[in-house]
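# Analysis of the macromolecular model
Each chain is listed here by its residues.
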Amino acid sequence: MSAHPILQARGLVKRYGRVTALDNADFDLYPGEILAVIGDNGAGKSSLIKALSGAVQPDEGEILLDGKPVHFSSPLQAQDAGIATVYQTLALSPALSIVDNMFVGRELRKPGFMGQYLRQLDKPAMRAFAREKLSELGLMTIQNIDQQVETLSGGQRQGVAVARAAAFGSKVIILDEPTAALGVKESRRVLELILDVRSRGIPIVLISHNMPHVFEVADRIHIHRLGRRLCTIDPKEHSMSDAVAYMTGAKEPGDKAA
Amino acid sequence: MTQSAPKGQSFEHDLEKSDKRVASFEAHSKGGLHRLQHILHGNPTLVPVIVLLVSVAVFGLIAGGKFFSAFNLTLIMQQVSIIGILAAAQSLIILTAGIDLSVAAIMVLMSVIAGNLAVYSGWPAPIALLVAFVGGTVAGLMNGLLVTKVKLPPFITTLGTWSIFYALNLWLSGAQSIRSQDIDANAPLLKFFGEALSFGGARITYGSILMIAIFGVLWYMLNHTAWGRHVYAVGDDKEAAELAGIRTDRTLLSVYMLAGFVCSIAAWASIGRVGSISPQSFYEGNLQSITAVVVGGISLFGGRGSILGALFGALIVGVFQSGLRLSNVDVLWQVFAIGWLIIIAVAIDQWIRKVSA
Ligand SMILES: Nc1ncnc2c1ncn2[C@@H]1O[C@H](COP(=O)(O)OP(=O)(O)O)[C@@H](O)[C@H]1O
Ligand SMILES: [Mg+2]
C-alpha cells in the first residue's frame, strides 16, 4: 500500500442511548484500494460509515481526510469534501427521475438571466451529463433517462446510486451492502461496477456480508467486531473461514494479521 | 469492464452465457391495464384533466345552455378562485407529505388584519396589505417551525394553529364583519380582485386570473428550479433526501412560509370575491382545499402529482356544484357526489402508486 491513508478515523465512539454502536473504532483507507468492511449484524459497520459520511456525528474521536482533521455535520458537507456514499437504503427518491436523482443537491442552472434570476434548471445539460456518466459505467444502453427511479429494478437502482457517487469527482466512495438485496446476476454486475470504479483510481469502502464477494474484489479486509476494528487482513493470506471465525469471535487473529 | 481471467464464483460461471444487461434501461412490454397504470404514473394530471372535460361535457348535455354558457363557465372560475388559491398553498404542503388544516384560517385572519388596518385605523391600503403578506408568511413560519424543530406531525400542528388563528381572528374582529360600503369608502384597493374583464357574457374577474397566475408561478418553481425538485424529494422520502445532501428542514420551512404567503394573497382576493370581510367566512375552506388537491391527483403520501392537478381539482368541484345545481339536483346530492369524488381519487392514487418495474 502506498504512503498515507486518504481517509482515516481514530477512536470513534457513537452511543445510542445505552447501546454503544462504535466503541473506539479506528479506520484506514489507502489510495486506489478496495477495502472491505465485514462484521456480524449489529457490529457497527453502518454506524462507522455513517460517521465517515456525515450522516451521524460521532460522540468522540476524529476523522482525517488527506491527513487533515474534518468535521461533517451533514452528508452534504462530506459530499462536498469528496466522500460519496451509497447507503444501504440507496437514498434515492423513488418518484423522481434518474436525472433528478443524480443531481439532487448539485443541480445545474441555465446560464444568464433565466438561471441567475429565475433560477431555471438546465435540464438538457443535466440529461447529457447523466447520460455520459451512466454510459461511462456501462449502465446506459438505451432509453429514458427521465424514467422514475421506482420503475427500475434493484440492480438498476444500485447502478444509479453508484453512478451518482462516482459522477462528481469524489475522492472516496463508500458502499454499504450493495449486493445484499440483489440476485446473483445483478450482484455480479454491481461487483464489476465496483472494479470499474476502482480502475478509475477512486478508492472504495465496501461493506458486505457476502464472503465470496468480499474475497473476490477486496485488496484488504477490515474486520469489525463489537463496535471496533478487530484487525485488518489480506484476503490472499487468509481464508474465508478465518475471516468468519474472527468476525464471530470463534478465533482471535494472531500475528498473521496484516 | 474487461477482466481477463474468469472472475467470480464457480457457480456463477454459467452466467457468462446469460444476459447480463440487468442494469440497462429497457422498455416495458406488458398488458393493457399495466400500461395504463404506467401512463398515469408518469402523467399524474391526466385523470383530473379527463374527469374535468368529461364532467363539463356531461353537465353541458344535461343542463344545456344554462351550464354551457360563457357566463356560467366564467362564474365557475370565480366561484373556485379562492379555494383554488388555497389549494395551491395546500398542494405545496401535501407534496411534502404534510397536510395544512390552517390555510383558510390564515387567509381569514389576514383579511381581517388588512381590513382593520386599512378601514378602521386609516392605514394606507398597500401598507395594510403588506402587513397581511408578512403576517401570512409568519403564520406559515410558525407551522413550519413546529413541524421541523419541535417535530410535531403536520396534522396536529395545523389542527392547533387552525384554532389559534381562528380565535385571533374572532378577537381582532370582535366577531363583526367589515361592511362592503366601508371598504369602498376607505380602501377600495382591497376589493381589486373582485373587478372583472367582461366581454360577451363572460366575466373574468382579476381574482380568477390571479388564481391561474399563482398556479403558473408555482408550477414553474416546482418543475424548473432546484428548490422544486427538493420539495418533491423531501415529500417522497425525507430521510433519503437528507442523506442525498438536501437540507430537508430548510426546504420544509420554505414550503410552509411560501404556503402562508400564498394564503395571505388569497386573503386579498377573498375580499374582492366576497365584498365584505367576515371573520366567519370560509370556515370549511381548509377541508375544501384538501378536497381540490386530492381530486387533482396529488398523493397525500407526498412527492407525487403536479400542482396543476389541484387547479383541475378545484375546477372539477366547481363544475360538479354548478352542474348539479343547474340540473335542479338537491344540494345534498352535490355533497354526496363530492364525497365519492374524493374516495375515487384517493383509490386511483393508491393503484397508480403500486406501479412496479
Ligand atoms: N439510530 C439508531 N438508534 C439506536 N440504535 C442504533 C441506531 N443505529 C444503530 N443502532 C444500534 O447500533 C448497533 C450497531 O448498528 P449498525 O451500525 O447498524 O450495525 P451493522 O451495520 O454492522 O449491522 C446495533 O446494536 C444497532 O441496533
Ligand atoms: Mg448495516
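Residues numbered from 1 in each chain as written. Chains lettered and ligands numbered in written order. Predicted model: local features only at pLDDT ≥ 70, side-chain atom pairs only at ≥ 80, totals over all residues. Heavy atoms only, no water.

### A closer look at unusual backbone geometry
All names here are of chain A. Our working definition: Secondary structure elements are taken from DSSP: a helix is a run of H or I of four residues or more, a strand is a run of E of two residues or more, and numbering for both begins at the N terminus. Each residue gets one of three labels from its accessible area relative to the maximum for its type: buried under 20%, exposed over 50%, partly exposed in between, using a 1.4 Å probe on protein chains only.
A positive phi angle, near 55 degrees, is found at Arg119, a position not held by glycine. Along the polypeptide, Arg119 turns up in the loop between α4 (112-116) and α5 (123-136). With relative accessibility at 44%, the residue Arg119 sits in the partly exposed group. Positive phi, normally seen in glycine, also occurs at Glu177, with a value near 45 degrees. Here Glu177 is to be found in the loop between β7 (172-176) and α7 (184-199). With relative accessibility at 9%, the residue Glu177 sits in the buried group.

### A few points about a nonpolar patch on the surface
Residue and element names in this part refer to chain B. As a reminder of what qualifies: In this analysis, a patch consists of residues with relative accessible area above 30% that form no salt bridge, clustered at 9 Å for like charges and at 5 Å for the nonpolar side chains Val, Leu, Ile, Met, Phe, Trp and Tyr. Using a 1.4 Å probe, the Shrake-Rupley method yields the accessible areas, and only the shown protein chains count as cover for residues. Here a salt bridge means any side-chain nitrogen of Lys or Arg lying within 4 Å of a carboxyl oxygen belonging to Asp or Glu.
Taken together, Ile39, Leu46, Ile50, Val54, Val58, Leu61 and Ile62 make up a surface patch of nonpolar side chains, about 640 Å² in accessible area. Counting residues per element, the nonpolar patch draws most heavily on helix α2 (residues 46-63), at 6 residues. Here Val54 falls in the partly exposed class, since its relative accessible area comes to 46%.

### Brief notes about the side chain of Ser306 of chain B
Residues and elements named next belong to chain B. Filter applied, for reference: The contact definition used throughout considers only heavy atoms, calling two residues in contact when any of these lie within 4.5 Å.
For Ser306, the position within the fold is in the loop between α12 (285-295) and α13 (307-326). Its relative accessible area of 13% is what places Ser306 among the buried residues. When near neighbours in sequence (up to four residues on either side) are disregarded, Ser306 contacts Pro44, Thr45, Trp219, Tyr232 and Ile298.

### With respect to the site of ligand 1
All names here are of chain A. Note the following rule: Any residue with at least one heavy atom within 4 Å of a molecule or strand is counted as near it. Between N or O atoms, a polar contact is any pair within 3.5 Å; within protein, one atom must be a potential hydrogen donor and the other a potential acceptor, and residues adjacent in sequence are included only when both atoms are from side chains.
Around ligand 1, the surrounding shell consists of Tyr16, Val19, Ala21, Asp40, Asn41, Gly42, Ala43, Gly44, Lys45, Ser46 and Ser47. Contact distances for ligand 1 include 3.3 Å between an oxygen atom and a backbone N or O atom of Ala43. Between an oxygen atom of ligand 1 and a main-chain N or O atom of Lys45, the distance comes to 2.8 Å. Surface burial for ligand 1 is 59%, taken as the share of its 560 Å² of free accessible area covered by protein chains.

### What about the sheet that holds strand β9 (residues 220-225) of chain A?
Residue and element names in this part refer to chain A. This is how the line gets drawn: Here, strands pair whenever DSSP counts at least two bridges between them. Interaxial angles span 0 to 180 degrees and are taken between N-to-C directions of axes, which are lines fitted to C-alpha atoms, for helices over the stretch in contact.
As summarised here, the arrangement of the 6 strands in space is β6-β7-β8-β3-β9-β10, forming an open sheet in which the pairing is mixed. Taken across any chain shown, the strands that pair with only one partner, and hence form the sheet edges, are β6 (83-86) and β10 (228-233). Neighbour-to-neighbour, the strand axes of the sheet open up by a mean angle of 20 degrees, direction not taken into account. Along the sheet, helix α6 (residues 154-167) contacts β6 and β7; its crossing angle with β6, the most-contacted strand, is approximately 175 degrees.

### Quick word on the sheet that holds strand β2 (residues 19-29) of chain A
All names here are of chain A. Taken in spatial order, the 4 strands line up as β2-β1-β4-β5 in an open sheet, and their pairing is antiparallel. What marks the edges here is a single partner per strand, and that holds for β2 and β5 (68-70). Going from strand to strand, the sheet's axes swing by 30 degrees on average, the running direction of each strand aside. As defined by bridge partners, strand β1 (residues 7-16) adjoins strand β4 (residues 60-65) across 5 bridges and the pair is classed as antiparallel. Paired with Val13 across the strands is Glu60, a residue of β4. In this fold helix α1 (residues 45-52) packs onto β1, β2 and β4, with an angle of close to 60 degrees to the strand it touches most, β2.

### Side note on the packing of helix α3 (residues 70-95) of chain B against helix α11 (residues 248-274) of chain B
Residues and elements named next belong to chain B. Quick note on the threshold: Roughly parallel means an angle under 35 degrees; roughly antiparallel, over 145; roughly perpendicular, 65 to 115; everything else is oblique. Amino acid classes used here: Ala, Val, Leu, Ile, Met, Phe, Trp, Tyr, Cys and Pro are nonpolar; Asp, Glu, Lys and Arg are charged; the rest, including Gly, are polar.
Packing of α3 against α11 leaves a shortest axis separation of 8 Å and a crossing angle of 175 degrees. The orientation of α3 with respect to α11, classified from their angle, is roughly antiparallel. Here Gln78, Gln79, Ser81, Ile82, Ile85, Leu86, Ala89, Leu92 and Ile93 of α3 come into contact with α11, specifically with Val255, Tyr256, Leu258, Ala259, Val262, Cys263, Ala266, Ala269, Ser270 and Arg273. Per-class residue counts for the contact of α3 with α11 are 14 nonpolar, 4 polar and 1 charged.

### Details of the pattern of salt bridges
Evaluated as defined, the whole model comprises 20 salt bridges over all chains. Its salt-bridge partner being Asp66 of chain A, residue Lys171 of chain A comes within 3.4 Å of it at the nearest N-O pair. Of this pair, Lys171 of chain A sits in the loop between α6 and β7 while Asp66 of chain A sits in the loop between β4 and β5; the two residues are 105 residues apart in sequence, bridging distant segments of the chain. Between Asp349 of chain B and Arg353 of chain B there is a salt bridge; the shortest N-O distance is 3.8 Å. Residue Asp349 of chain B and its partner Arg353 of chain B are located together in helix α14 (residues 331-353), separated by 4 residues, close to a single helical turn. The class for Asp349 of chain B is buried, based on a relative accessible area of 12%. Taken together, the shared-partner salt bridges connect Arg10, Asp28 and Arg229 of chain A into one network.

Keep in mind these values describe shape, not function.
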